[in-house]
Protein chains: 2
Amino acid sequence: MNRRKIFLNESEMPTHWYNIAADMPNKPLPPLNPRTRQPVGPEDLAPIFPMGLIGQEVSAERHIEIPDEVQDIYTIWRPSPLYRAYGLEKMLDAPVKIYYKYEGVSPSGSHKPNTAVAQAYYNKQEGVKKIVTETGAGQWGTALAFACAQFGLGCEVYMVRISYDQKPYRKIMMNTFGADVYASPSNRTQAGRNILDDDPDSPGSLGIAISEAIETAVQDESNKYALGSVLNHVLLHQTVIGQEAEKQLEIAGDYPDIIIAPLGGGSNFAGIAFPFIGQNITKGKNTRCIAVEPASCPKLTQGEFLYDFGDTAGYTPLLPMYTLGHNFRPAAIHAGGLRYHGASVLCSQLLKDNLIEAVALQQLECFQAGVVFARAEGIIAAPEATHAIAQVIREAEQAKKEGTKKTILFNMCGHGFVDMKAYEDYFAGALSDHQFTESDLKSALGEIRELQP
Amino acid sequence: MNRRKIFLNESEMPTHWYNIAADMPNKPLPPLNPRTRQPVGPEDLAPIFPMGLIGQEVSAERHIEIPDEVQDIYTIWRPSPLYRAYGLEKMLDAPVKIYYKYEGVSPSGSHKPNTAVAQAYYNKQEGVKKIVTETGAGQWGTALAFACAQFGLGCEVYMVRISYDQKPYRKIMMNTFGADVYASPSNRTQAGRNILDDDPDSPGSLGIAISEAIETAVQDESNKYALGSVLNHVLLHQTVIGQEAEKQLEIAGDYPDIIIAPLGGGSNFAGIAFPFIGQNITKGKNTRCIAVEPASCPKLTQGEFLYDFGDTAGYTPLLPMYTLGHNFRPAAIHAGGLRYHGASVLCSQLLKDNLIEAVALQQLECFQAGVVFARAEGIIAAPEATHAIAQVIREAEQAKKEGTKKTILFNMCGHGFVDMKAYEDYFAGALSDHQFTESDLKSALGEIRELQP
């Protein structure tokens, strides 16, 4: 009988997060204050984040210790299993070994709790009483709600109204973990009221929800704000994924030729790839790391490397990143976690320096891959995760064509139990592919060029 | 750091299923042919089940070997983790150690695939091309769809129409695994057409769906039928749960004083409890095994031990069991898997012989327990599983009152990711408790007494 899953014991969990900034040949450019166009300092961030996280955001240390309290809560689902995809390999009949790290075993069903728990911990440490955040489709809000329940922190979530109405079950999951969830725009904030005055039926947006969450957080000194991707400290916390995978592959006697993960803001890609990119840089390893983005939101493959806001409303510092412009509105694909206009600063710099690769895939190919995977492996993937699976299938077919053996590792970043509407639409033929054109790009980047220092 | 999860390696999985019939002091009474009132023989069952399963249904062997092909597919999610519920223990502050076996890690999110894979295997072995079944809320249909995909078998599911309409995502999960799903009553069978002639808007019932599935299965020699609970061979396959738990508890240095599981037909209770009941009988152990049923469907605590049909339509053999009568219509509680009029023959005989205990709980107490559990442990439980959690809390409170130390093991038989409507209704105050009265029982058992041999 083949060994399908490789587990580590809780005592073998990584003891430190890995900070890739320490090893990057070109360090990331600093975020800028949009008014002064000068680098932001810790004091600019202190009203919204605890100092423990701000320190990580700017740290140059290679390894940052994971506190015991965080480790203890990680053990609810970590170490996550590494699977050898025997079922998929058999179906593809190519000269490849395929492994996947399965993050769907977490309380919210994705990789998000890896950072939610860490963020809740540092907030708790500094006496914060409540964390306020926004959520789109709900994965991040659910993860933070779970983490806050573990530390006895309050949690308030502004959920984009159209998702609030269309995905009531994600809201109920957050309620079950004890969070208060409000449809955004709401009349609880000035930002929300301004929008509602103009348009009482506004469907909301992530940008508006961020504004409401930040406004709420800064109103009360005992509250802070939290973000679920993009920032350096968020990517840092996710590196437990890749570090575990490295140990698990060592047990299997393997090392990956190719690593594949979806990229929305960058945290799940960073989580699995950064520890291996570090090996590429410092130990002469040669693993190809491929970020997969949706063809309808192709910032890595068609965007430009520019300073841009991280949010739609323009409240954040200016970040140096591959972007389609903060006003870009991606098509309403089901992979909601990949509908983000920019890529995190760390991932962007790595792409600029050719240390990672990027590819954009159409959603029909991705859902087809998801169905193949479910029947072969027994796991229904979240729409975001199907993007990685589709690229794995492409690489397997390429290896077969070339007759070369490859070992592929990918991040199965979440299950699809709460995303079945997406599969329903796929089976019903209600989904289509999206073409992104030169003129889309020109219009998306219009006013962004004026923001450059 | 406390060790929260205990995993076994795949190589430590049980090699045999445990057949409790071999150790029962009073053997179960035989099923009867409803026409002749004589015991049914294998030939009566051959048109609908493969001989491999019929052999297990009547076996007196204590241990039945698990085929390698079944073991191989089990490794997709087995061995399942045993959790020490540190979060819940802290919240309850009672002198108890609480462990739970988590079956929600399976492809369909519950314990059902343990038998679905075995059933698909024996059907495949005997040249069956397609398995036909019924499903209520969808857990069983999803499990069988997954199992059939693994063996390249066709799968056809008759899903009770009201669930088909109200729970479209369960249907899509089955489609994703490759099954064809039809709302029942359908116009594909004579049984369905008869119902639709009378009532074109019939919401369907499990009884009707069973009739349609059996009728479809027997029409073609290459098809067979499958059932997800109640029968001896189904309970047998679930015993991997308890056998794994026993090994995992041994690693933890513990043995349970109390085992708790929900009981619908009996397969999840049997799965965790039977191996320990065997130890009670043969090795003088003294573990209390408590089956928890919903107060709205209290066959164990208020039903009578009688011969009754296993299905509503009266197609099955007569089974000796605690029953509320096959025409009993339990209230539409969200724990759909517990809405069954009878208890399996094996569980019924064990209760009659005082080898297990039973308790009936109201749904509001169960959902309250589910919310406590989610916040303490990070896992949202299926409504069925909340019944076990509520009883665990009762036992912990009792132990605190008595000042006695207890080790409790329960079966967390499934997650609630696809049951959030139930929690929504609970939070909205839309659920109520149900009182079952003497006169309910009298009316429910009315015509059943005439069926006795």
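Before reading further, recall that the structure is shown in the block above.
Rules of the game
- Residues numbered from 1 in each chain as written.
- Chains lettered and ligands numbered in written order.
- Predicted model: local features only at pLDDT ≥ 70, side-chain atom pairs only at ≥ 80, totals over all residues.
- Heavy atoms only, no water.
- Helix = DSSP H or I, 4+ residues; strand = E, 2+ residues; numbered from the N terminus.
- Rg over C-alpha atoms; globule rule 2.2 N^0.38 Å.
- Buried < 20%, exposed > 50% of the residue type's maximum accessible area, 1.4 Å probe, protein only.
- Contact = heavy atoms within 4.5 Å.
- Lys, Arg positive; Asp, Glu negative; His and termini not counted.
- Charge placed at Lys NZ, Arg CZ, Asp CG, Glu CD.
- Phe/Tyr/Trp six-rings, centres within 6.5 Å; stacked < 30°, edge-to-face > 60°.
- Lys NZ or Arg CZ within 6 Å of the ring centre and 35° of its normal.
- Axes fitted to C-alpha atoms, helices over the stretch in contact; angles between N-to-C directions.
- Parallel < 35°, antiparallel > 145°, perpendicular 65-115°, else oblique.
- Left-handed = near helix turned anticlockwise from the far one by under 90°.
- Nonpolar A, V, L, I, M, F, W, Y, C, P; charged D, E, K, R; others polar.
- Salt bridge = Lys/Arg side-chain N within 4 Å of Asp/Glu carboxyl O.
- Least-squares fit on C-alpha atoms with pLDDT ≥ 70 in both.
- Buried area = accessible area lost by both parts, 1.4 Å probe.
- Polar contact = N/O pair within 3.5 Å; in protein donor to acceptor, adjacent residues only side chain to side chain.
- Pairing = 2+ DSSP bridges.
- Disulfide = S-S within 2.5 Å.

Scanning chain A for helices and strands turns up 19 helices and 15 strands. Taken over C-alpha atoms, the radius of gyration comes to 21 Å for chain A, in line with the 22 Å a tight globule of 453 residues would show. Dimensions of chain A, computed from C-alpha atoms along their principal axes, come out at roughly 60 × 50 × 45 Å. Each of the 453 residues in chain A was classed as buried or not, and the buried ones make up 64%. Partitioning the intrachain contacts of chain A with sequence separation of at least 6 by distance along the chain shows that 77% fall at a separation of at least 24. On chain A, the mean spot of the 40 positive side-chain charges and the mean spot of the 52 negative ones are 5 Å from each other.

Take the packing of aromatic side chains next. How two aromatic rings sit relative to each other is set out by the distance from centre to centre and by the angle between their planes. Evaluation of the coordinates by the stated rule reveals 39 aromatic pairs over all chains. On the numbers, 5.6 Å between centres and 75° between planes, the contact of F328 of chain B with F436 of chain B is edge-to-face. Pair noted here: F328 of chain B is in the loop between β13 (318–323) and α15 (345–352) and F436 of chain B is in the loop between α18 (420–427) and α19 (438–445), with a separation of 108 residues, a long-range link. Like F328 of chain B, the residue F436 of chain B is buried in the burial classification. Stacked on the ring of F305 of chain A, the Lys or Arg K352 of chain A has its end atom at 4.9 Å from the ring centre. Taking NZ or CZ as reference, K285 of chain B lies 4.3 Å from the ring centre of Y255 of chain B, over its face.

Looking now at the packing of helix α12 (residues 240–252) of chain B against helix α13 (residues 267–283) of chain B. All names here are of chain B. Where α12 meets α13, the axes come as close as 6 Å, and the angle between the chain directions of the two elements is 65°. Of the possible angle classes, the one that applies to α12 and α13 is roughly perpendicular. Once α12 is placed against α13, the crossing between them reads as right-handed. Between α12 and α13, the contacting residues are I241, G242, Q243, A245, E246 and L249 on the first element and G271, I272, P275, F276 and Q279 on the second. Among the residues forming the contact of α12 with α13, the class breakdown is 6 nonpolar, 4 polar and 1 charged.

Attention now moves to the pattern of salt bridges. In total, this model carries 32 salt bridges over all chains according to the counting rule given. A salt bridge links K5 of chain B to E10 of chain A; its shortest N-O distance comes to 3.1 Å. Of this pair, K5 of chain B sits in strand β1 (residues 5–6) while E10 of chain A sits in the loop between β1 (5–6) and β2 (16–18), placing the two residues on different chains. On the basis of relative accessible area, E10 of chain A is assigned to the buried category, the value being 9%. The residue E244 of chain A makes a salt bridge to R78 of chain A at a minimum N-O spacing of 2.8 Å.

This part covers the relation of the copies chain A and chain B. Of the transformation placing chain A onto chain B, the axial shift is 0.0 Å and the rotation is 180°, giving an RMSD of 0.0 Å. Here the two chains are linked by the operation of a two-fold rotation axis.

Once that is clear, we can look at the interface of chain A and chain B. Each side of the interface is counted separately: chain A has 47 residues, and chain B has 47 residues. Taking both partners together, chain A and chain B bury about 4100 Å²; carbon and sulfur atoms supply 61% of that area. In this structure, the connection of chain A to chain B is made through 4 salt bridges. If you look at where chain A meets chain B, you find 22 residue pairs in polar contact (both at pLDDT 80 or more). Ranked by residue count, the leading element in the side of chain A that touches chain B is helix α8 (residues 168–176) of chain A, at 6 residues. Across the side of chain A that touches chain B, the residue classes break down as 24 nonpolar, 13 polar and 10 charged.

The next point concerns the sheet that holds strand β10 (residues 258–262) of chain A. Residue and element names in this part refer to chain A. Spatially, 7 strands are ordered β1-β4-β5-β15-β10-β11-β14 in an open sheet, and the strand pairing comes out mixed. Only two strands of the sheet have a single partner each, and these edge strands are β1 and β14 (357–361). Judged from the 5 bridges that link them, strand β11 (residues 288–294) and β14 form a sheet pairing that is parallel. Paired with I290 across the two strands is E357, which belongs to β14. Of the strands in this sheet, β5 (96–102), β10, β11 and β15 (406–412) are in contact with helix α13 (residues 267–283), which crosses β10 at around 160°. Relative to the sheet, helix α16 (residues 363–377) contacts β4 (82–84), β5, β14 and β15, its axis offset from that of β14 by approximately 95°.

Let's shift gears to the side chain of T323 of chain A. Residue and element names in this part refer to chain A. Within the secondary structure layout, T323 lies in strand β13 (residues 318–323). Residue T323 is classed as buried on the basis of its relative accessible area, which comes to 0%. Setting aside residues no more than four positions away along its own chain, T323 makes contact with K299, G303, E304, L306, D308, H341, G342 and L445.

Applying the stated criterion to the full structure yields 0 disulfides over all chains. You can see C289 of chain A has no disulfide; the closest cysteine sulfur is in C347 of chain A, sitting 10 Å from it. By relative accessible area, C289 of chain A is classed as buried at 1%. Among the cysteines around C366 of chain B, which has no disulfide bond, C413 of chain B carries the closest sulfur, lying 12 Å off. Looking at C366 of chain B, the relative accessible area reads 0%, which means it is buried.

Let us now look at the sheet that holds strand β7 (residues 154–160) of chain B. Residue and element names in this part refer to chain B. An order of β8-β7-β6-β9 is seen for the 4 strands of this open sheet, with the pairing classed as parallel. Each having just a single partner strand, β8 (180–184) and β9 (223–225) make up the two edges of the open sheet. Along the sheet, successive strands turn relative to each other by an average axial angle of 25°, direction set aside. Here strand β6 (residues 130–135) pairs with β9 via 3 bridges, running parallel. Note on β9: the bridge partner recorded for K130 is N223. Sitting on the sheet, helix α10 (residues 206–219) is in contact with β6, β7, β8 and β9, with an inclination near 170° to β6.

A separate point is the side chain of R4 of chain B. Structurally, R4 of chain B can be placed in the segment before β1. For R4 of chain B, the side chain forms a polar contact with the side chain of T75 of chain A, separated by 2.9 Å. Excluding its chain neighbours within four sequence positions, the residues that come into contact with R4 of chain B are E10, D72, I73, T75 and I76 of chain A together with L82, Y83, R84, Y86 and G87 of chain B.

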